[in-house]
Amino acid sequence: MNRDIPSPTGWMDSGPASAGFAGHANGVQLLAGLLGQADVRIGGDRPWDMQLHRAEAADRILAGASLGLGETYMDGDWDAPALDEFMHRILRARLDEKVHAPGLMWHVLRTRLLNLQNPRRARQVGEVHYDLGNDFFEAMLDARMAYTCGYWAAAEDLDAAQEAKLDLVCRKLGLDAGMRLLDIGCGWGSLMKFAAERYGVECVGVTISKEQAEYGQARCNGLPIEFRLMDYREIDERFDRIASLGMFEHVGRRNLRTYFEVARRCLAPDGLFLLHTIGNNFRNFPPDPWIDRYIFPNGDLPSLGQIADASERLFMIEDVHNFGADYDRTLMAWHERFENAWPRFAERYGERFRRMWSYYLRACAGTFRARTTQLWQIVLSPEGVAGGYRRPA
């Protein structure tokens, strides 16, 4: 922990919120001092203030940093009605840089030293996350089941924002009838179904989730769409256009070059490739330990620098579009739908899962609100577009 933390005196409300915490007073006071720097109070009455139910949680948070914060929330040790705003405030105050957990050093080292996204391990995220249940995701997502950031420039609801995103992708790629589109990490096929219906293209999608492949193929019945249950590294055929929405976060820093090599060998010389990915402001930043353990195993957010390095001499970067702030609104819309649908899933998943999933959606919304994570759509070409690429209005 940073030793320059100011005195916590005055940051923690007195009275019932701090009563009974005598055995853990030091931890509670240190935590209160930290949160005070973000204008968050323990026991305060504002929606973003922390309501601490168990004093020992303060010690766990201070010792475990991000992992401790998430796990104590899952355990019901604290609450904040506006958890998204709580996270936004602590990130804007850079409190994540002031608490360090020595016990998580192995988490950092394994990210740097091991290939956590090799073909054998790559399927773990499909089994842990994407195979939770198609009905679960159907209840949380929009009608097209797009599990990536919506585009809210002119949209008023989630369905409109996701259709706007899908249409933006198709227009950026210049899709036309008769083209073949490869979707790397196709999910339930939202982009492929939209592109086939609206633009008359033939689509092939690859995914490592059996649940997604089977459900998506059924949804796309009658359309020129093929789902393949396979690792992206296995595909080797030519396409007019390639898109990858929300999959690059699972590639891993040791595989970035391989990923772009696969895309290059599969793309026609006059083709376009659109990469839609969450990104980090800093290169080689370790994955969040709580997200890694409970939500997206082996995930790894790239920086723009890493993307540029990995694609060098394979692609020309034609356009970079950042609309990461739209992910805040998307995640909050997902959270609202999740909470409304929860009674249908309570018996299947249990209360700890509800708290875990609610924390995931709202905490991530806070990170995009704080602008500590980004969402980029990057258009690349193999040899440069003659006369220059123009992003569609």
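In what follows, the accompanying structure is described. (Residues numbered from 1 in each chain as written. Predicted model: local features only at pLDDT ≥ 70, side-chain atom pairs only at ≥ 80, totals over all residues. Heavy atoms only, no water.)

If you trace the backbone, asparagine 340 turns up in helix H14 (residues 325-341). Along the backbone, asparagine 340 and methionine 140 are 200 residues apart, and their C-alpha atoms lie at a distance of 8.8 Å. (Helix = DSSP H or I, 4+ residues; strand = E, 2+ residues; numbered from the N terminus.)

Our next topic: a nonpolar patch on the surface. Taken together, the side chains of Leu304, Ile317 and Val320 present a nonpolar region at the surface, about 210 Å² in accessible area. Relative to the helices and strands, leucine 304 resides in helix H13 (residues 304-311). Its relative accessible area of 36% is what places leucine 304 among the partly exposed residues. (Patch = residues over 30% accessible without salt bridge, like charges linked within 9 Å, V, L, I, M, F, W, Y side chains within 5 Å. Areas by Shrake-Rupley, 256 points an atom, 1.4 Å probe, with all protein chains shown as cover. Salt bridge = Lys/Arg side-chain N within 4 Å of Asp/Glu carboxyl O. Buried < 20%, exposed > 50% of the residue type's maximum accessible area, 1.4 Å probe, protein only.)

The backbone of methionine 145 shows a phi angle near 60°, a positive value even though the residue is not glycine. With respect to the helices, strands and loops of the structure, methionine 145 is situated in the loop between helix H7 (134-140) and helix H8 (158-173).

Before going further, it helps to spend a moment on the packing of helix H11 (residues 256-266) against H13. The packing of two helices is summarised by the inter-axis angle and the distance between the axes. Running from N to C, H11 and H13 point in directions that differ by 55°, and their axes come no closer than 8 Å. For the element pair H11 / H13, the angle class is oblique. The hand of the H11/H13 crossing is right-handed. Residues Leu256, Arg257 and Phe260 of H11 pack against Gln306, Ile307, Asp309, Ala310 and Ser311 of H13. Among the residues making up the contact of H11 with H13, the classes are represented as four nonpolar, two polar and two charged. (Axes fitted to C-alpha atoms, helices over the stretch in contact; angles between N-to-C directions. Parallel < 35°, antiparallel > 145°, perpendicular 65-115°, else oblique. Left-handed = near helix turned anticlockwise from the far one by under 90°. Contact = heavy atoms within 4.5 Å. Nonpolar A, V, L, I, M, F, W, Y, C, P; charged D, E, K, R; others polar.)

With that out of the way, let us pick up helix H10 (residues 210-219). Listing the buried residues of H10 in full gives Gln212, Ala213 and Gly216. Buried residues in H10, looked at end-on, bunch into an arc of 95°, giving them a common side. Turned more than 90 degrees off the buried face of H10, the exposed positions are Glu214 and Ala218. (Arc of directions from axis to C-beta.)

One open sheet accounts for seven strands, arranged S5-S4-S3-S6-S7-S9-S8; its pairing is mixed. Two strands lie at the open edges of the sheet, namely strand S5 (225-229) and strand S8 (316-322), each paired on one side alone. Across the sheet, the mean angle from the axis of one strand to that of its neighbour is 15°, orientation sign disregarded. Sheet analysis places strand S6 (residues 239-245) next to strand S7 (residues 267-280), joined by six bridges and oriented parallel. (Pairing = 2+ DSSP bridges.)

As a further point, take the nonpolar core. Side chains of nonpolar character tend, in soluble globular proteins, to be buried together. Of all hydrophobic cores here, the largest spans 74 residues; its most connected members are Trp78, Phe86 and Trp357. If you tally residues by element for this core, the top one is helix H16 (residues 351-369), at ten residues. (Core = buried A, V, L, I, M, F, W, Y, C linked by side-chain atoms within 4.5 Å.)

Attention now goes to the packing of aromatic side chains. On inspection of all chains with the given rule, the structure shows 35 aromatic pairs. Ring plane angle 75° and centroid distance 5.7 Å describe the contact between phenylalanine 136 and phenylalanine 353, whose orientation is recorded as edge-to-face. Taken together, the residues phenylalanine 136 in helix H7 and phenylalanine 353 in helix H16 connect sequence positions 217 residues apart. By the burial criterion, phenylalanine 136 is buried, and phenylalanine 353 matches it. Aromatic pair tryptophan 290 and tyrosine 294: ring centres 5.7 Å apart, planes at 35°, arrangement tilted. Here tryptophan 290 and its partner tyrosine 294 are both found in helix H12 (residues 289-294), four residues apart, which amounts to about one turn of the helix. The class of tyrosine 294 is buried, set by a relative accessible area of 19%. Sitting over the ring of tryptophan 48, arginine 89 keeps its end group 3.7 Å from the ring centre. When the ring centre of tyrosine 73 is taken as origin, the NZ or CZ atom of arginine 355, which lies over that ring, is 4.1 Å away. (Phe/Tyr/Trp six-rings, centres within 6.5 Å; stacked < 30°, edge-to-face > 60°. Lys NZ or Arg CZ within 6 Å of the ring centre and 35° of its normal.)

The next thing to look at is the pairing of strand S9 (residues 373-381). The element S9 is largely enclosed, with a buried count of nine among its nine residues. A two-sided burial pattern is seen for S9, the buried positions comprising Thr373, Leu375, Gln377, Val379 and Ser381 on one face and Gln374, Trp376, Ile378 and Leu380 on the other. Alignment of S7 against S9, held across eight bridges, turns out to be antiparallel. Counted as the bridge partner of leucine 275 is isoleucine 378 from S9. Pairing geometry for S8 and S9, over six bridges, is antiparallel. Paired with methionine 316 across the bridge in S9 is serine 381.

Glancing now at helix H2 (residues 56-74). For H2, which comprises 19 residues, the first-to-last C-alpha distance of 14 Å sits more than 12% below the rise-based estimate of 27 Å (1.5 Å per residue). A maximum bend of about 145° is found in H2 at alanine 65. Counting buried positions along H2 yields 14 of 19 residues, so the element is predominantly enclosed. Trailing H2 by a residue or two, glycine 76 shows a phi angle of about 80°, which is positive. (Expected span 1.5 Å × (residues − 1). Bend = angle between axes of the 7 residues up to and from the residue.)

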